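Each chain, written out:
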Amino acid sequence: MDPEPKKPEDSPSNSGNSHGPVHPQSPFPDEALEKVLSFVDSHKDRSSISLVRKDWYNAERWTRSKLFIGNCYAVSPEIVAKRFRRIKSVTLKGKPRFSDFNMLPLDWGADVYPWLVMFAKVYPFLEELRLKRMTITDEGLELLAKSFPCFKALSLSSCDGFTENGLKAIASHCRNLTEVNIQDSITEDVGGGWLSCFPENFSSLEILNFSSLNGDVNFDDLERLVSRCKLLRVLKVNESITLDELQRLLVHAPRLTELGTGSFLQELTPRQYEEIETAFCNCRNLQVLSGLWEATSVYLPLLYGACASLTFLNLSVATTLQSGEFAKFLAHCPNLRCLWVSDTVEDKGLEAVGLSCPLLEELRVYPADPYDRDHLDGVTELGFLAVSRGCPKLHYVLYFCRRMTNAAVVTIVQNCPNFTHFRLCIMTPSQPDYLTNEPMDEAFGAVVKTCPKIKRLSVSGLLTDRTFEYIGKYAKDLETLSVAFAGSSDWGMQCIMEGCPKLRKLEIRDCPFGDAALLSGREKYEMMRSLWMSACSVTMKGCRLLARESPRLNVEVIREEGGNEAQALKVYVYRSVAGPRQDAPPFVLTL
Amino acid sequence: MSIPQEHDYIGLSEPLSSEKISYKMAAAAAEGVTPSLNVEKIGVFNLKETELRLGLPGSEAPDRKGGIGIGVSLFGKELKGESMCVKSFVSGAKRGFSDAINGAGKWGLSINGGSAAGLGENGGSNVKEEIPALKPVEERKNGASITAPASKAQVVGWPPIRSFRKNTLATNTPKKDDAAGKPGPGCLYVKVSMDGAPYLRKIDLKTYCSYPEISAALEKMFSCFTIGQCGQGLAAKEHLSESHLMDLLHGSEYVLTYEDKDGDWMLVGDVPWEMFTDSCRRLRIMKGADAIGLAPRTMQKCKSQN
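Along each chain, residue indices are assigned from 1 in the same order as the chain's sequence is written. The order in which chains are written sets their letters, starting at A; the order in which ligands are written sets their numbers, starting at 1. The predicted origin of the model limits local features to residues at a pLDDT of at least 70 and limits the giving and counting of side-chain atom pairs to 80 or more, whereas totals for whole chains, interfaces and linings rest on all residues. Only hydrogens and water are set aside; all other atoms, that is, all heavy atoms of the structure, feed into the side-chain values.

**Notes on the pattern of salt bridges**
All names here are of chain A.
Step number 1: Salt bridge, as used here: a side-chain nitrogen of Lys or Arg that lies within 4 Å of a carboxyl oxygen of Asp or Glu. For the structure shown, the criterion picks out 35 salt bridges over all chains.
Step number 2: Salt-bridge contacts for Arg 364 lead to Glu 362; the nearest nitrogen and oxygen are separated by 2.7 Å. Assigned by exposure class, Arg 364 and Glu 362 land together as buried.
Step number 3: One salt bridge in this structure joins Glu 479 and Arg 504, with 2.6 Å as the shortest N-O distance. Highlighted residues: Glu 479 in the loop between helix 16 (465-474) and strand 16 (480-484) and Arg 504 in the loop between helix 17 (490-498) and strand 17 (505-509), separated in sequence by 25 residues.
Step number 4: A relative accessible area of 18% places Glu 479 in the buried class.
Step number 5: For the exposure calls, accessible area comes from a 1.4 Å probe over protein chains only, and a residue counts as buried if that area is under 20% of its type's maximum, exposed if over 50%, partly exposed in between. Relative accessible area serves as the criterion here: at 24%, Arg 504 is assigned to the partly exposed category.
Step number 6: Sharing partners across several salt bridges, the network here consists of Arg 46, Glu 60, Arg 64 and Arg 83. Working definition: helices are DSSP H or I runs of at least four residues, strands are E runs of at least two. Numbering for both runs from the N terminus.

Below, the structure is given as structure tokens:
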């Protein structure tokens, strides 16, 4: 019997009795179905499969090996343990996204420890753990290190709660580690001593990323580690590693596909310069380049030799970069698809992007000086226009600017109608079109009207309810919407709740949306992952009403000191099969 | 052409009274009413009552012009007027915490209100440029009507930049007066951490020439965190209760310390400036409660945390 993944109907009929239990109406035995399903990876597909019929549900749950939980509170460890028995890889996401911007109090939750306890009991063959916006303590890391002999990959994105002691446990105990990937960590000094804890015979590492940890590491230990891990393809060091140290690492790992440099600021002798230049030239497989702290135009040419195959360049922390040298650098990167840059390159730099990067699909422009309102530099609508003209494949943009016009955005989306992610942040809240002084409604109206595939939208500037009328009406594929300082009345939010059939995540802050708006979505929230509303006009009464009407929703209010008792200043609503949180801290009211 | 609208979201500009929520201004704008700054709202800054200070021995922070101030200079007003540091410096000797603590008297920080320059982040930039900017605001603060945006009150979580990114930006903000924009080899970056703050900052010691400068700069840099703590409760722009403010003031006295080349934690201000910049490896704004009265073990604790 030779099951083909795509055509289960063609499998042999149920006449053979050596194939195990067979259901009367099923065209093929369970084992066949399970074999077929073992090829299905996507959790969305598996979700659909599990809904077809009971035996498919069972076959699916027995064969699922990768678990994806988009909201750790939507389900409980117990429920998961009962349903799935053979999990090897887990992805867990915790806090709402606004926690990245310090809008959530500390100790809000999303501690992975209870999950680890369950995994240790039920999934002893766990190989991968990927966490996003969760808290993992040293205790958790130690439990992880000691409970899973096959453990291979640890990825922590925007996580907190740990110190180098936890990482030491991982390095010391996990013999088969292939990946240690720590991104955007929100811890204080973690310390770098853990890098020295890998055993001398340990050589399986393929991915090592500690770029966001700020502890000094012992370079000799790092060098030895890199030299013996022959399969290393991703190396992202932190700022403590100097240029000449980087050169020594590159000599050991010329086959890197992704490199995050350390500090790019160093006085180099001519010989050192040459050595480093050569080392970079030898990196012929480099696709992703990041780091480049304190990179100045003086040393950028060192990189030229490594840029031919570069597809993703992250210069977002190279905030001393100016447009001239940046343009020269870009000329060496013809294959760029993804570019992250600081706004110090200014509109001129973005013009160079438009000229040099015809294949560009994603652009992110971060502000070098986000809090200085006197700072008149940075990028404007002109830079964005220039990129849109030269890069027709552009579909993902994150753009921080201090001024924008409706007309510019209309033109931009005409040039690039394929936008899937349009995140525009005009940094002064509620700022109108700077030329016409009108609201920015027409800009976002143009985005949703012209870009049918829009999946993610972040709006900013002065916006009335009209923006939300447009979004509700036209953005049929929209899944994530972020709104700040916008709207005129409840009607705005109602338009969203009544439109946008595919909406999954809605995050709102500082908008005039009240209880009526909140309640207008009560039928929709169960089809969404979550709703966040802060500093709006929602009251406790409204929240309680929503909670009462929707038993499958968790409605949580985060209480703050000094707040008015009747107001609900931070509201987090999400669907859950696990009921209200059991671990809520005292300032989180679960209604 | 409209003036960029300033909205004081923190709400500390009004003395202990509730404030309309800012979006109503936007709503007004949307309805076609030209938004004008609500002068009454921004009118009175209670700057003196709620000020974050990081004063140093023998110094008065340059922008303090006397006045009521609940806050106390970090290293004690008692030392005001004395020539800085020299008399307490014995060559070759280092003062540990207990000596410095016993000598200096009461320290504390108060919380900064809507100070104009107070809440911006300006890692590494030249403090000298900022001091003149403070003066115009202080002149205005006594109730004179304001036509230009004066409040630089920082909104929590806006613009939406992640914490880790703020760390790196603190180092790399280009100096406006440096045409090449390149930090030279003579720069001396040290990390500054503050107990309870979600991220570190880095500053270039070479851009400062004296303790008052660095103290003013750090004050500005970190005031947003103490705001954050009481800002959690102010997110609704509700009034700040007196008892709440008092709790913050008395509960959160901060001490500026640094780790020197030998790994010892010292109080900032004890040694001549040049010696300080030579030996300082990192800075830490520590809770006074941790430092005072725990001197020998504090040293221990600091060491083990590294």
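From this point, the narrative continues.
**Looking at the packing of helix 8 (residues 219-228) of chain A against helix 9 (residues 243-252) of chain A**
All names here are of chain A.
Step number 1: Angles shown run from 0 to 180 degrees and are taken between the N-to-C directions of axes, each axis being a line fitted to C-alpha atoms and, for helices, limited to the stretch in contact. Contact geometry of helix 8 with helix 9 gives a least axis separation of 8 Å together with a crossing angle of 20°. On the basis of the axis angle, helix 8 is roughly parallel to helix 9. When the axes of helix 8 and helix 9 are compared, the crossing they make is right-handed. On helix 9, the residues that touch Phe 219, Asp 220, Leu 222, Glu 223, Val 226 and Ser 227 of helix 8 are Glu 245, Arg 248, Leu 249 and His 252.
Step number 2: Nonpolar residues are Ala, Val, Leu, Ile, Met, Phe, Trp, Tyr, Cys and Pro. Charged residues are Asp, Glu, Lys and Arg, and all others, Gly as well, are polar. In terms of residue class, the contact of helix 8 with helix 9 is made up of four nonpolar, two polar and four charged. Here roughly perpendicular refers to angles of 65 to 115 degrees, roughly parallel to angles under 35, roughly antiparallel to angles over 145, and oblique to all remaining angles. Take the far helix as the reference: if the near one is turned anticlockwise from it by less than a right angle, the crossing is left-handed, and if turned clockwise, right-handed. Here a residue-residue contact requires only that any non-hydrogen atoms of the pair lie within 4.5 Å.

**Details of helix 14 (residues 406-415) of chain A**
All names here are of chain A.
Step number 1: Along helix 14, the residues classified as buried are Asn 406, Ala 408, Val 409, Ile 412 and Val 413. Take helix 14 and look down its axis: the buried residues cluster within an arc of 160°, on one side only. Seen from the buried face of helix 14, the exposed residues on the opposite side, beyond 90 degrees, are Ala 407 and Gln 414.
Step number 2: For helix 14, the secondary structure elements touched by its buried residues are helix 13 (381-390), strand 14 (421-426) and helix 15 (441-450). Summarising the geometry, the arc corresponds to the directions from the helix axis toward the C-beta atoms.

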